[in-house]
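Here is how the chains run, residue by residue.
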Amino acid sequence: MLTKAQWHYCLDEMERMFPDAHCELVHENPFELLVATLLSAQCTDVLVNKVTKTLFQKYKKPEDYLAVSIEELQTDIRSIGLYRNKAKNIQALSKQLIELYDGEVPANRDLLTTFPGVGRKTANVVVSVAFDIPAIAVDTHVERVTKRLGLCRWKDSVLQVEETLMKKTPIELWSKAHHQLIFFGRYHCKAQNPNCPECPLLAVCREGKKRMSKIV
DNA sequence: CTCCCGATAT
DNA sequence: ATATCAGGAG
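Rules of the game
- Residues numbered from 1 in each chain as written.
- Chains lettered and ligands numbered in written order.
- Predicted model: local features only at pLDDT ≥ 70, side-chain atom pairs only at ≥ 80, totals over all residues.
- Heavy atoms only, no water.
- UniProt positions renumbered as here; feature names shortened; annotations may be inferred.
- Helix = DSSP H or I, 4+ residues; strand = E, 2+ residues; numbered from the N terminus.
- Expected span 1.5 Å × (residues − 1).
- Buried < 20%, exposed > 50% of the residue type's maximum accessible area, 1.4 Å probe, protein only.
- Contact = heavy atoms within 4.5 Å.
- Salt bridge = Lys/Arg side-chain N within 4 Å of Asp/Glu carboxyl O.
- Near = heavy atom within 4 Å.
- Polar contact = N/O pair within 3.5 Å; in protein donor to acceptor, adjacent residues only side chain to side chain.
- Nonpolar A, V, L, I, M, F, W, Y, C, P; charged D, E, K, R; others polar.

- As named in an unreviewed UniProt entry, chain A is Endonuclease III, taken from Psychrobacillus mangrovi.
- Under the Catalytic activity (unreviewed entry) heading, UniProt states for chain A: "2'-deoxyribonucleotide-(2'-deoxyribose 5'-phosphate)-2'-deoxyribonucleotide-DNA = a 3'-end 2'-deoxyribonucleotide-(2,3-dehydro-2,3-deoxyribose 5'-phosphate)-DNA + a 5'-end 5'-phospho-2'-deoxyribonucleoside-DNA + H(+)".
- In UniProt, chain A has this text filed under Sequence similarities (unreviewed entry): "Belongs to the Nth/MutY family."

1. Here's the deal with helix H1 (residues 4-17)
Point 1. Between its terminal C-alpha atoms H1 stretches 20 Å, which fits the 20 Å expected from 14 residues at 1.5 Å a residue.
Point 2. Considered for burial, the residues of H1 that qualify are Trp7, Cys10, Leu11, Glu13 and Met14.
Point 3. Packing partners of the buried residues in H1 comprise helix H9 (140-149), helix H10 (158-168) and helix H11 (174-187).

2. Some points on the pattern of salt bridges
Point 1. One pass over the structure, following the stated rule, counts ten salt bridges.
Point 2. Residue Lys147 is joined to Glu143 by a salt bridge in which the shortest nitrogen-to-oxygen separation is 2.9 Å. Here the residue Lys147 and the residue Glu143 both occupy positions in helix H9, the gap between them amounting to four residues, near one helical turn.
Point 3. Taken together, the salt bridges that share partners define one network made up of Arg109, Asp110, Arg120 and Glu162.

3. Overview of the environment of Ser69
Point 1. Position of Ser69 among the secondary structure elements: in the loop between helix H4 (62-66) and helix H5 (70-77).
Point 2. Along the chain, Ser69 and Gln91 lie 22 residues apart, while their C-alpha atoms are 9.6 Å from each other.

4. A few points about the UniProt feature "domain: HhH-GPD" (unreviewed entry) in chain A
Point 1. Within this structure's numbering, the places UniProt gives as "domain: HhH-GPD" (unreviewed entry) are residues 39-187.
Point 2. For residues 39-187, helix accounts for 66% and strand for 0%, while the C-alpha atoms at its two ends are 21 Å apart.

5. Concerning the protein's contact with DNA strand B
Point 1. Every residue close to DNA strand B is listed here: Gln42, Leu47, Lys50, Arg78, Ser79, Gly81, Leu82, Tyr83, Arg84, Asn85, Gln192 and Asn193.
Point 2. Leu82 is positioned such that a nitrogen or oxygen atom in its backbone is 2.9 Å from a sugar or linking oxygen of DNA strand B.
Point 3. The contact in question runs from a phosphate oxygen of DNA strand B to an N or O atom on the backbone of Arg84, over 2.5 Å.
Point 4. Where the surface near DNA strand B is concerned, the elements lending two or more residues are helix H3 (45-58) and helix H6 (83-101).
Point 5. Per element, the largest residue contribution to the surface near DNA strand B is three residues, and it comes from H6.
Point 6. Looking at the surface near DNA strand B residue by residue, the class counts come to three nonpolar, six polar and three charged.

6. A word on the UniProt feature "binding site: [4Fe-4S] cluster" (unreviewed entry) in chain A
Point 1. When the UniProt feature table is mapped onto this chain, "binding site: [4Fe-4S] cluster" (unreviewed entry) is found at Cys189, Cys196, Cys199 and Cys205. In sequence the annotated residues extend across 17 residues, while in space they remain close, none of their C-alpha pairs exceeding 11.0 Å.
Point 2. Here Cys196 shows up in the loop between H11 and helix H12 (206-215).
Point 3. With respect to the secondary-structure elements, Cys199 resides in the loop between H11 and H12.
Point 4. For Cys199, the residues in contact, after removing those within four places along its chain, are Phe184 and His188.

Laid out in structure tokens, this is it:
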């Protein structure tokens, strides 16, 4: 397992590699971020942005998503994948927003998870990015990177990963570290071909050292 | 655990 | 052909 000093070394190096890591889901308000994040499940953010570019011109408010048929909304987001569930969730979520929150996205993680299609990860993204509330959303990249490094156990749940990250990272760094973990996982410590030979974290990485010893 | 699911990279 | 992608619900 990584020591505290080793983890802070990782945070420093990721800051060096990706100093401008940020949310790559294009949005102009909390509602757009909520929809974009819901759409991003099992889909690249590049594809999400391609769809929302036209989607957000057609649908501005929750009412707009309820004004069309489910089939029409499905067609508008079909290229995203999982489009039947996502279309249904967007309409149900819009209805709940109007009836219980006057159409405004609540700045509260636990309230957000009561919305259909919104789990802990999506809720953490929204409160963190849209409302500057400290949170660490554990997506596929964050989970993979923290487990490869050895900060977490391979058998840990995403909630356990989140708790470990919150415990071992100063709260003022949560948002930045969260995005740097994603950039590091997306562009360097990739799922299929991680670039271990050129990795500045190799010296402290459990999985990296194992992979490199196999090559030699 | 399974299902949902199209686009892209390997 | 197969793996993966800013997951969530039953």
